[in-house]
Amino acid sequence: MKIYKDIKETQEAVINIIKNSSLTYEQQTYGLAKLAENQLPYPEGADKKFFELVEKGIICDLDEGHAPYAPRYILPDYEKLIKEGCKFLRLKPAENLTDVINMLLVFYHHVPSVTRFPVYLGSIDKLLDPFIVDELQAREQIKWFLIHLDRTIDDSFSHANIGPEETLAGNIIIDLEKELQNVTPNLTILYDKDKTSNKFAIKCVEASLICANPAFANDKMFREDFKGDYGIASCYNGLPIGGGAFTLSRLRLNKIADNSGSTEEFFNVKLIEAVDSMNKFIESKIKFIVEETPFFKSNFLVTEGFIDIDRFVGLFGMVGMHECVNKLMKLNNKNLCFGKDQEANELGIKILDVIQKRVNSFKSKYGKIWDNRFILHAQVGAANDEGTSPGVRIAIGEEIPIYDHLRQAGMFHKYFPSGIGDHFPFDHTANENPEAVLDIFNGGFASGMRYISAYSEDGDLIRVTGYLVKKSDLEKFNNGQQVSYDTIQYAQEPLNDYGIFDRKVRSTND
């Protein structure tokens, strides 16, 4: 976000937001607030190298703001809310389904995030299911619960979970997702083939091919990493329940390679200085949130025990592995490609080994749940990412046959406990054979993958990087019409310019 040089420039930026007819009132309000915040400098603690790396596009702060005053991602303990109520919001413990739904809707309104909407809505099937008495009545209530979420949480980074066990509430939710075709919430099933019934898993696959929801998370893998309960928030961020993420910044690995004259300079100088600089920057933001703002001292989420500071972590993100590896191969006069060639894939692993070791060597003042270290995250993309593939994904247009793709991705997913994923559009053969898609997912998880999603090439809903939008909404926004979802603004550039519609379409006959 730009810092304006004088009052005239600032006023022009303000009036541009106010006069933008494609923005809703809420979107204008948010834009004005973020503009004001970003007239401040970054928190103290970043080194001089940081600003040079930002200017080169190597480090990106993901528009968190120059003075973040709440954690980026918050995962409250919603079970505690249902059982105990909330003093601040004057909510008593729930006694029936009406209580649960309305308590959650009230509570969600007060959970902040980088998007100003809650990025985690909880395992909604587990929250609702114990209170279902009459299935038909519950179906109607849950339908309006989902409609309310979609119409008031105007950002599809908002995420809900279901599973791994099959429940009546889970079945109702999946049925309604297919019917409603909602953008929000982003939905993930915490899938475990030993706990999730095959029937329910197939039902979830069928829904994914109709409405791009739910995605599938490798529940065993996440539970092992987090030593117990976790939630999937925002795009596909695995984080501790009762905690979350202080902040997320990222490296564009391809930009580091572009600024290197050799692979030796990349590994011995450029990569090291970028990792070290971003470590210091992340720490400076965490210290500002914790020590300079009142959030962890006075917010009711903290004072009533819905979250605990020791369950928050810093996220160290990265993008552009595909382009980075290919650039380094060219520097070595080798015509090898990430994804397709084993030597190129092994170079990608070497890069991650260096990053992981360097990040783990940095001791943060905060983040006890992760031994005061930052967690690696394969970030999905942001503005100005042209020519930069999300995380460590194979670039669009360079995809390989699906089973080879799963095995290749499985080499990398273990590095990213806080999130990584691959998205696969399918043709009509998948609708006719959802069991085959589930077999593909099971094969991916057996190969070491952490997160997989699917959608139909012909559907209106599409996964952009990790969130959902409707193609029909993009058309409206391209024509200058207002769309209630903030996310359509973020999706416009990747959908129009980055080739998302050109992802390789998969077939169950492959």
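Let me sum up the structure you'll find in this document. (Residues numbered from 1 in each chain as written. Predicted model: local features only at pLDDT ≥ 70, side-chain atom pairs only at ≥ 80, totals over all residues. Heavy atoms only, no water.)

1. Focus: the environment of Ala33
Here is step 1: Relative to the elements of secondary structure, Ala33 occurs in helix H2 (residues 25-37).
Here is step 2: Along the primary structure Ala33 and Gly65 are separated by 32 residues, whereas in three dimensions their C-alpha atoms are 10.0 Å apart. (Helix = DSSP H or I, 4+ residues; strand = E, 2+ residues; numbered from the N terminus.)

2. A few points about the nonpolar core
Here is step 1: With 162 residues, the main nonpolar core has Phe316 and Ile351 as its most contacted residues.
Here is step 2: Looking at which element gives the most residues to this core, the answer is helix H12 (residues 263-292), with 11 residues.
Here is step 3: For Ile351, the residues in contact, after removing those within four places along its chain, are Leu253, Phe266, Phe267, Leu271, Met321, Cys324, Val325 and Leu328. (Core = buried A, V, L, I, M, F, W, Y, C linked by side-chain atoms within 4.5 Å. Buried < 20%, exposed > 50% of the residue type's maximum accessible area, 1.4 Å probe, protein only. Contact = heavy atoms within 4.5 Å.)

3. Here's the deal with the sheet that holds strand E5 (residues 186-191)
Here is step 1: Read from one edge of the open sheet, six strands run E3-E4-E5-E6-E13-E12, paired in mixed fashion. Two strands close off the open sheet at either side, each with one partner strand: strand E3 (120-123) and strand E12 (422-426). Neighbour to neighbour, the strand axes of the sheet diverge by 25° on average, direction disregarded.
Here is step 2: The strands touched by helix H9 (residues 198-211) within the sheet are strand E4 (159-162), E5, strand E6 (215-218), E12 and strand E13 (451-456), with E13 carrying the most contacts at an inclination of about 55°. (Pairing = 2+ DSSP bridges. Axes fitted to C-alpha atoms, helices over the stretch in contact; angles between N-to-C directions.)

4. Observations concerning unusual backbone geometry
Here is step 1: For the bond running from Gly163 to Pro164, omega is 5°, close enough to zero to count as cis.
Here is step 2: For Pro164, the position within the fold is in the loop between E4 and helix H8 (168-180).
Here is step 3: Residue Pro214 is bonded to the preceding Asn213 through a cis peptide linkage, with omega at 0°.
Here is step 4: Its location among the elements puts Pro214 in the loop between H9 and E6.
Here is step 5: If you check the backbone angles, Arg116 has positive phi at about 75° while not being a glycine.
Here is step 6: Summarising the element assignment, Arg116 is placed in the loop between helix H5 (97-108) and E3.
Here is step 7: The phi angle at Asn333 is positive, at roughly 60°, despite the residue not being glycine.

5. As for the packing of helix H1 (residues 7-18) against H2
Here is step 1: As a packed pair, H1 and H2 sit with axes 9 Å apart at the nearest point and diverge in direction by 165°. Considering the angle they form, H1 stands roughly antiparallel to H2. In terms of crossing hand, the pair formed by H1 and H2 is right-handed. Across the interface between the two elements, Thr10, Ala13, Val14, Ile17 and Ile18 of H1 pack against Gln28, Gly31, Leu32 and Leu35 of H2.
Here is step 2: In terms of residue class, the contact of H1 with H2 is built from six nonpolar, three polar and no charged. (Parallel < 35°, antiparallel > 145°, perpendicular 65-115°, else oblique. Left-handed = near helix turned anticlockwise from the far one by under 90°. Nonpolar A, V, L, I, M, F, W, Y, C, P; charged D, E, K, R; others polar.)

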